[in-house]
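Coordinates in review
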Amino acid sequence: MPSAALTASRRRSSRRLAATRPSRCCAGCSRGAAGGSGGGPPAQGPVRCRRFCAGAVPGDPQEAASEALGLATLSLPGTLGAAASCRSFLAAHHTLGPSGRAEWWATRALAEQEEQLEVLSRALPRGGRVAPALLDTFTPATPSSSEVMLRRVVSGLGAADGLAAALALRAAVRHAAVEVGPHSSAGFALDRMDRRMFGVLGLWFDPGLLCVRAVTASSPPEVLKAAGEVARQASSAHGAAAVEGALGPQHRCFAVSHAQMDPSAPPLLVVHASLLGRLPSTLHEAALGDAAAPQAACLWALGAPETPGLAGSLRGLGVGQVLRREATRMLREELGAEHGAAVTALAPLRGFASWLRATRAWERPGLGEAGEALRRALLAGAREVQREVSFVDADGDTVAFRLRVDEGEEGERVLEVEVGGGPPRRVLKLVVASEARAVRFLMEPGPEAMQVNMSPEAVDSGELTRVTHLAEAAGMLPAELRDPVLKFAYEFITRRGADGARSAEPAVHFHMSGGAALHALHWRADESPAGLAEALGVMASFAYRGPEVEGEAAGAYAARGLDAATFTM
């Protein structure tokens with residue numbers, strides 16, 4: 001059937017469907033008279049509408065909230081009272097709670113999918129079976145109810161509040177997809193709904209409508225708070241310093257927000273950078289900068305503030321690339337044209353440790369005893385791993401090392417020490433000198449270095465070896481594992497995604513999409529508990545080499561994926 005005829009048929013089918021719906025959707029819907037537009041008898045009891053109130057079961061604790069959602073959504077006007085109706089809808093949506101919202105969105109997505117399938121089946125030749133996947137090959141002639149809802153929320157509340165509300169609604173849909181499972185019927189329906197919402201949001205968050213500003217000590221308090229949160233996500237040790245402006249004169253910070261959103265409100269994304277005399281090899285070096293004449297700049301933290309209910313709402317909209325591109329341009333201008341290629345980004349490899357566990361990397365041939373150290377680091381949460389070693393040192397003081405592990409395989413692990421009955425302190429680094437029967441370690445707060453000498457009895461009983469195993473379980477791997485772990489990291493970042501071309505690692509894909517070249521993989525670059533738990537402390541750095549080179553590299557990566565990626569290692 002020609003496309004024009006198909007579109008006309010869809011419109012006729014849509015009108016027929018609208019004519020057959022009851023004018024009174026449910027007990028909470030005031031749309032139309034009780035007797036319906038056709039003059040029939042009044043509705044008997046709560047007739048549930050499939051579009052907005054499906055899933056509300058009489059007696060269910062969520063029934064009142066579901067009906068309020070249906071009422072508020074259906075009564076969203078485009079003129080008078082729009083703001084009040086939108087706020088009523090958002091309040092009812094919030095009342096459901098995370099699990100209730102997930103259930104409601106799943107039901108709504110399935111109902112919306114069912115309507116679209118019914119319209120499509122009327123437009124296609126009779127007798128054919130219409131599968132949900134067929135919806136991916138057609139473009140609806142009219143927007144779906146979820147798209148209309150997003151537009152009405154923004155128009156009703158205004159851009160300043162409406163855009164944030166629209167992002168929260170998309171975040172709720174994405175959360176619902178995770179809750180119900182990506183391979184379930186509801187999961188596929190939610191994924192289609194998310195793509196439709198993405199199409200609407202993409203118009204509002206066009207790069208030309210985004211504004212990137214430098215964050216300084218005079219920025220609004222909410223902006224400074226958001227900047228501190230992003231810095232804390234990258235490095236808990238430097239988060240507070242970023243808020244207080246204590247990272248030094250070489251610290252730079254930029255934030256992106258929509259041009260029509262309140263500039264004093266929390267921004268969408270924040271990036272932290274430092275000016276340095278040379279390219280850094282650790283997160284600590286990057287965050288602190290140095291006092292030397294700046295020759296390079298490094299982006300060391302890029303993320304969204306911890307705004308409740310907005311996780312994942314910006315995915316795919318390109319806001320991060322806009323911020324990264326503008327921040328790179330401003331840093332390059334400050335450095336001067338002669339340093340145009342000296343802008344890098346230091347990125348964590350979240351998920352690296354999980355991948356090593358999934359592939360049982362410690363069983364690879366050639367690792368020998370070092371493989372056991374890697375196994376202890378990756379399986380620190382296992383029950384068989386000893387959590388405490390205590391002994392009396394040569395001076396008669398009691399020394400106790402304890403491994404504190406959060407729940408789950410990816411939980412943070414912290415090695416603590418108590419000396420002579422003092423308070424527990426986190427161990428940052430630890431070296432065992434077997435010949436000298438000594439343990440040297442660096443503690444915080446401080447940092448403060450200390451050495452304890454073991455008695456011959458403690459050494460003979462194996463306490464020195466057990467302390468080594470505790471340190472390995474905390475992520476402090478021996479130096480002989482440096483090369484094998486970095487080889488594993490290279491294998492991890494060059495894995496291909498579902499398209500068979502681009503990187504499956506989000507951080508690598510982000511920077512490659514921006515035209516960066518992989519510069520280096522860094523051993524022990526992030527020795528925070530989170531960095532050790534997620535990636536054994538390994539980080540990757542990417543080099544941005546000027547707008548022209550970046551544009552060509554981004555285009556090549558988009559076309560050919562990792563086959564066209566540049567590696568300067």
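Note that the structure is predicted; figures quoted are calculated from it, not measured.

Looking now at the overall build of the protein. When you go through the protein residue by residue, the secondary structure sums to 19 helices and 13 strands. Looking at the protein as a whole, 48% of its 569 residues qualify as buried. The contacts in the protein between residues at least 6 apart in sequence include a share of 63% that link residues at least 24 apart. Total accessible area on the protein stands at roughly 26600 Å², and carbon and sulfur atoms take up 54% of it.

Attention now moves to the pattern of salt bridges. If you walk through the whole model with that rule in mind, you get 25 salt bridges. For aspartate 194, the salt bridge identified is with arginine 170, shortest N-O distance 2.7 Å. Of this pair, aspartate 194 sits in helix H7 (residues 185-204) while arginine 170 sits in helix H6 (residues 159-180); the two residues are 24 residues apart in sequence, bridging distant segments of the chain. The closest approach of N and O atoms between arginine 482 and aspartate 483, which form a salt bridge, is 3.2 Å. Residue aspartate 483 is classed as partly exposed on the basis of its relative accessible area of 48%. Residues joined in a network through salt bridges with shared partners are Arg170, Arg174 and Asp194.

Below, the discussion takes up helix H19 (residues 547-560). With 14 residues, H19 ought to run about 20 Å at 1.5 Å a step, and its terminal C-alpha atoms sit 20 Å apart, in line with that. All of the buried residues in H19 are Glu550, Ala553, Ala554, Ala556 and Tyr557. The arc that holds the buried residues of H19, viewed along the axis, is 165°, so those residues lie on one side. Structural note: H19 exposes Pro547, Glu548, Glu552, Ala558 and Ala559 on the side pointing more than 90 degrees away from its buried face.

The subject of this paragraph is helix H11 (residues 319-335). The end-to-end C-alpha distance of H11, which contains 17 residues, comes to 24 Å, matching closely the 24 Å that a straight helix rising 1.5 Å per residue would cover. Every buried residue of H11 is accounted for by Val319, Gly320, Gln321, Val322, Leu323, Arg324, Ala327, Thr328, Leu331, Arg332 and Leu335. Of the residues one or two after H11, glycine 336 is the one with positive phi, at around 105°.

Structurally, arginine 192 can be placed in helix H7. Residue arginine 192 is classed as buried on the basis of its relative accessible area of 8%. The spatial distance from the C-alpha of arginine 192 to the C-alpha of alanine 133 is 9.7 Å, given a sequence separation of 59 residues. Those residues within four positions of arginine 192 in sequence are excluded, and the remaining contacts are Gln113, Pro132, Ala133, Leu135 and Asp136.

We now examine the packing of helix H3 (residues 82-95) against helix H4 (residues 97-123). Running from N to C, H3 and H4 cross one another at 110°; their axes reach a closest spacing of 7 Å. By the angle between their directions, the pair H3 and H4 is classed as roughly perpendicular. In this structure, H3 uses Phe89, His93, His94 and Thr95 to contact H4, whose residues at the interface are Gly97, Arg101, Trp104 and Trp105. When the residues that make up the contact of H3 with H4 are grouped by side-chain class, the tally is 3 nonpolar, 4 polar and 1 charged.

Moving on, we come to the nonpolar core. Counting 91 residues, the largest nonpolar core has Trp105, Leu268, Leu349, Phe352, Leu374 and Leu481 as its most contacted members. Top element by residues in this core is H6. It accounts for 10 residues. In this structure, leucine 481 is in contact with Leu367, Ala370, Ala373, Leu374 and Trp523, ignoring residues within four places of it in sequence. Ranked by size, the runner-up nonpolar core spans 24 residues in total, among them Leu415, Leu430, Phe441 and Leu464.

What follows concerns the confidence of the model for the protein. Per-residue confidence for the protein gives a mean pLDDT of 80; residues scoring 70 or more make up 79%. Mean pLDDT across the secondary structure elements of the protein bottoms out at helix H1 (residues 3-20), with 39, and peaks at helix H16 (residues 482-493), with 95.

The next point concerns the pairing of strand S6 (residues 388-392). Along S6, the buried face is formed by Val389 and Phe391; none of Glu388, Ser390 and Val392, which line the opposite face, is buried. Relative to strand S7 (residues 398-405), S6 runs antiparallel, the two being bridged by 5 bridges. Within the sheet, the bridge partner assigned to valine 389 lies in S7 and is phenylalanine 401. Hairpin remark: S6 followed by S7, antiparallel, with 5 residues in the connecting loop; positive phi at glycine 396, about 90°.

Strand pairing in a sheet takes place through backbone hydrogen bonds and is either antiparallel or parallel in direction. Spatially, the 7 strands line up as an open sheet ordered S1-S2-S3-S4-S5-S13-S12, and their pairing is mixed. Looking at which strands have only one partner, the edges of the open sheet turn out to be strand S1 (210-214) and strand S12 (517-522). Taking the axes of each pair of neighbouring strands and ignoring which way they run, one obtains an average angle of 25° across the sheet. Sheet topology note: the strand S2 (residues 251-258)/strand S3 (residues 269-276) ladder contains 6 bridges and is antiparallel. In the strand pairing of S3, alanine 255 is matched with valine 270.

As enumerated under the stated definition, the model contains 6 aromatic pairs in all. Note on tryptophan 104 and tryptophan 105: the rings are 5.0 Å apart at their centroids and 75° apart in plane angle, and the pair reads as edge-to-face. The residues tryptophan 104 and tryptophan 105 share a single accessibility class, namely buried. Their ring planes at 85° and their centres at 5.5 Å tell us that phenylalanine 401 and phenylalanine 441 sit as a pair that is edge-to-face. Placement of phenylalanine 401 in strand S7 and of phenylalanine 441 in strand S10 (residues 438-444) is noted, with a sequence separation of 40 residues between them. Across the pair, phenylalanine 441 and phenylalanine 401 agree in class, each one buried. Aromatic rings pair up to connect Phe352, Trp355 and Phe492 into one cluster.

Rules and cut-offs
- Residues numbered from 1 in each chain as written.
- Predicted model: local features only at pLDDT ≥ 70, side-chain atom pairs only at ≥ 80, totals over all residues.
- Heavy atoms only, no water.
- Helix = DSSP H or I, 4+ residues; strand = E, 2+ residues; numbered from the N terminus.
- Buried < 20%, exposed > 50% of the residue type's maximum accessible area, 1.4 Å probe, protein only.
- Contact = heavy atoms within 4.5 Å.
- Areas by Shrake-Rupley, 256 points an atom, 1.4 Å probe, with all protein chains shown as cover.
- Salt bridge = Lys/Arg side-chain N within 4 Å of Asp/Glu carboxyl O.
- Expected span 1.5 Å × (residues − 1).
- Arc of directions from axis to C-beta.
- Axes fitted to C-alpha atoms, helices over the stretch in contact; angles between N-to-C directions.
- Parallel < 35°, antiparallel > 145°, perpendicular 65-115°, else oblique.
- Nonpolar A, V, L, I, M, F, W, Y, C, P; charged D, E, K, R; others polar.
- Core = buried A, V, L, I, M, F, W, Y, C linked by side-chain atoms within 4.5 Å.
- pLDDT = per-residue confidence, 0-100.
- Pairing = 2+ DSSP bridges.
- Phe/Tyr/Trp six-rings, centres within 6.5 Å; stacked < 30°, edge-to-face > 60°.

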